[in-house]
Protein chains: 2
Amino acid sequence: MADDSRVPIPTLTRLATYYKILGEAQVRGVHNLNSAQIEAECGISAAQFRKDLSHFGEMGKPGVGYEVAKLRARIATILHLDRTQRFALIGAGRLGQALAAYPGLNDYSFELTALFDTDKKKIGRRVNGIEIEDADGIPNRMRELNLKIAVLTVPGSEAQKASDAAIKGGARWILNFTPAHVRVPENCMVRDIVFTQEFAVLAHYIEE
Amino acid sequence: MADDSRVPIPTLTRLATYYKILGEAQVRGVHNLNSAQIEAECGISAAQFRKDLSHFGEMGKPGVGYEVAKLRARIATILHLDRTQRFALIGAGRLGQALAAYPGLNDYSFELTALFDTDKKKIGRRVNGIEIEDADGIPNRMRELNLKIAVLTVPGSEAQKASDAAIKGGARWILNFTPAHVRVPENCMVRDIVFTQEFAVLAHYIEE
C-alpha cells in the first residue's frame, strides 16, 4: 500500500471525483458500483479508476464491484474529508458570493465560517446566512474563530494584502482564486486556482 | 522541436502562466527576463521554465535571458492565443456573471459574445455590456453568430441540456464549470473545471 502523504495531485483530483460520484450513488440507494459504472458516471476510464484505487490497496470484487459506503469512507480518510474544514472567504464580489453559495462545497465538508470584504456598503449584508465582515478585522476574527484556511476571491491587486492578513490571523492554507502570485512563509501552503488559464488550455485544442 | 499538438496539459497550464507574466512585463516596459525572474514572478521554478521552453526549441541567452515580446508571441502561437476566441456563456448566475466580468479573459483573447439564461427576469439585462438572452434561442443564436465555444455556468442539473443546445447550435468546444458530467459527440471536446475539487485536494494537505 502506498504512503498516503505523497499522492500526486492529479490522483487527488480524481479521488475527489470518485468521492462525489459515490455520494450520489449513496443518495440513490446504490450499494455496489463497478469500475465500468464509475466510468459511465464521471468519464474517467475504468482502468484509471482501478489503478488509482489499487495504490491504496482497494480492490473491487469480480461480479460485485466496490462497496459504495466503504469506498467512500476510505477516500474521505485519504482526502481528510472525514472532518469539517472551516474556512474564511476573503472577497465578497461576484466570485466570492458564487463560492459562498455553492452547494458543492458541503459535499467536501468545507464550511464557510467567516466572510470578509473591504467595501463598506457590503459589510453587514449576508450571503447564504453568513454576514460580510470588515476586512480590517481579518487577523483578530480568524484567530478568534481558530480558522486556518483562507480562500481569496479579491482582485489580484489585493491578493497579497489579504493573504498577509489571513496569515497574521493564523491561516496556514490559502486557496488563491486571484490571478496574482501570492508569497507565504515556509510553514504555509498556497494552491492557485487560475480558472482563466483553462481557457488558454482549451484554446490550444481549437482548430479554427 | 517537439510536436505542438501533443503538449501535456500541465505544460499548457504553465505556458498560460508564462504568457500572463510576459504580458505584465511588456506593460512595465521590460524587454528581457531570465528564468530566475520568471520564478520570482509566478513561483514556477527556473528549471521547470527552461525545460518547458526547451520543448519548443526556445533557449534564453546567457546573461540576457529571454526576449519578452518574442517569447510571448511564440507562446501565443502554441496556445492559439494569437487569434480572438469568441464564446457563448450559458448561465448568468453569480458564477456566470463573475466570469462575464472577469478582466483576465481578455488576456487570453477570449471574447464573450453571447450570454444566455432561462430566468425570464434576467433576460434583457446586461452584464459587462452583453445582453442576457433567452436560453431557448441558443441553437439559432450560436449558429447565427458562428460560435463554436460554449462555457457552462448553469446548475449541474441543467448542464447536459445546455451542452446539447450549444452543440445543436454548432459548438464543438465546451468548458464545463458545473459539477455534472456532460456527454458530447465524438467530434466535440469538453473540459471540466471542477473548482470545488481543489478544496478536496487542499484538504488532503491539512494536518489538523
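Worth saying up front: this structure is predicted, and the values here are computed from it rather than measured.

Student: Give me the nonpolar core: which residues, what numbers.
Tutor: Ranked by size, the top nonpolar core spans 106 residues in total, and within it A:Phe177 and B:Phe177 carry the most contacts. Apart from the residues lying within four places of it in its own chain, the contact partners of B:Phe177 are A:Tyr102, A:Phe195, A:Phe199, B:Leu95, B:Leu99, B:Val151, B:Leu152, B:Thr153, B:Ile193 and B:Phe195.

Student: Requested: an account of the relation of the copies chain A and chain B, with residues and values cited.
Tutor: For the match of chain A to chain B, the screw axis carries a shift of 0.0 Å, the RMSD comes to 0.0 Å, and the turn is 180 degrees. The two molecules are tied by a two-fold rotation axis, judged by turn and shift. Comparing interface residues between copies, 100% of those in chain A also sit at the interface in chain B, which points to an isologous, same-surface contact.

Student: Quick rundown of the packing of aromatic side chains? Include the residues and the values.
Tutor: Going through the model one piece at a time under the given rule, you end up with 14 aromatic pairs over all chains. The interplanar angle of 35 degrees and the centroid separation of 6.3 Å between the aromatic rings of A:Phe199 and B:Phe177 together place this pair among those described as tilted. With A:Phe199 in helix H9 (residues 196–205) and B:Phe177 in the loop between strand E8 (173–176) and strand E9 (189–192), this residue pair bridges two chains. Through a chain of ring-to-ring contacts, three or more aromatic side chains come together here, namely A:Phe87, A:Phe110, A:Phe177 and B:Phe199. Over the ring of A:Tyr19 we find A:Arg72, and its NZ or CZ is 4.2 Å from the ring centre.

Student: Now, about the interface of chain A and chain B: what can you tell me, with residues and values included?
Tutor: Interface size is often expressed as the accessible area that is lost when the parts come together. Across the boundary between the two partners, chain A contributes 61 residues, which contact 61 residues of chain B. Of the roughly 5800 Å² buried between chain A and chain B, counting both surfaces, carbon and sulfur atoms make up 66%. Counting the surface chain A buries against chain B, the share from its top three residues, A:Arg94, A:Phe199 and A:His204, is 13%. The tally of links between chain A and chain B comes to two salt bridges. Of the charged contacts, one joins A:Arg191 and B:Glu198 as a salt bridge, the two residues approaching to 2.5 Å between their closest N and O atoms. Scanning the region where chain A abuts chain B turns up 18 residue pairs in polar contact (both at pLDDT 80 or more). If you tally residues by element for the side of chain A that touches chain B, the top one is H9(A), at ten residues.

Student: Account for the packing of helix H1 (residues 9–27) of chain A against helix H2 (residues 35–42) of chain A, with residues named and values stated.
Tutor: Residue and element names in this part refer to chain A. Here H1 crosses H2 at 100 degrees, and the two axes come no closer than 10 Å. If you check the angle between H1 and H2, you find them roughly perpendicular. Listed contacts from H2 to Thr-17, Tyr-18, Ile-21 and Leu-22 of H1 are Ile-38, Glu-41 and Cys-42. Residues that form the contact of H1 with H2 fall into these classes: five nonpolar, one polar and one charged.

Student: So what's going on with helix H8 (residues 159–168) of chain A? Which residues, and what values?
Tutor: Every buried residue belonging to H8(A) is among A:Ala159, A:Ala162, A:Ser163, A:Ala165, A:Ala166 and A:Ile167, and all of these are buried. Just downstream of H8(A) lies A:Gly170, where phi reads positive at about 105 degrees.

Procedures and definitions
- Residues numbered from 1 in each chain as written.
- Chains lettered and ligands numbered in written order.
- Predicted model: local features only at pLDDT ≥ 70, side-chain atom pairs only at ≥ 80, totals over all residues.
- Heavy atoms only, no water.
- Core = buried A, V, L, I, M, F, W, Y, C linked by side-chain atoms within 4.5 Å.
- Buried < 20%, exposed > 50% of the residue type's maximum accessible area, 1.4 Å probe, protein only.
- Contact = heavy atoms within 4.5 Å.
- Least-squares fit on C-alpha atoms with pLDDT ≥ 70 in both.
- Phe/Tyr/Trp six-rings, centres within 6.5 Å; stacked < 30°, edge-to-face > 60°.
- Helix = DSSP H or I, 4+ residues; strand = E, 2+ residues; numbered from the N terminus.
- Lys NZ or Arg CZ within 6 Å of the ring centre and 35° of its normal.
- Buried area = accessible area lost by both parts, 1.4 Å probe.
- Salt bridge = Lys/Arg side-chain N within 4 Å of Asp/Glu carboxyl O.
- Polar contact = N/O pair within 3.5 Å; in protein donor to acceptor, adjacent residues only side chain to side chain.
- Axes fitted to C-alpha atoms, helices over the stretch in contact; angles between N-to-C directions.
- Parallel < 35°, antiparallel > 145°, perpendicular 65-115°, else oblique.
- Nonpolar A, V, L, I, M, F, W, Y, C, P; charged D, E, K, R; others polar.

These values are about where atoms sit, not about what they do.
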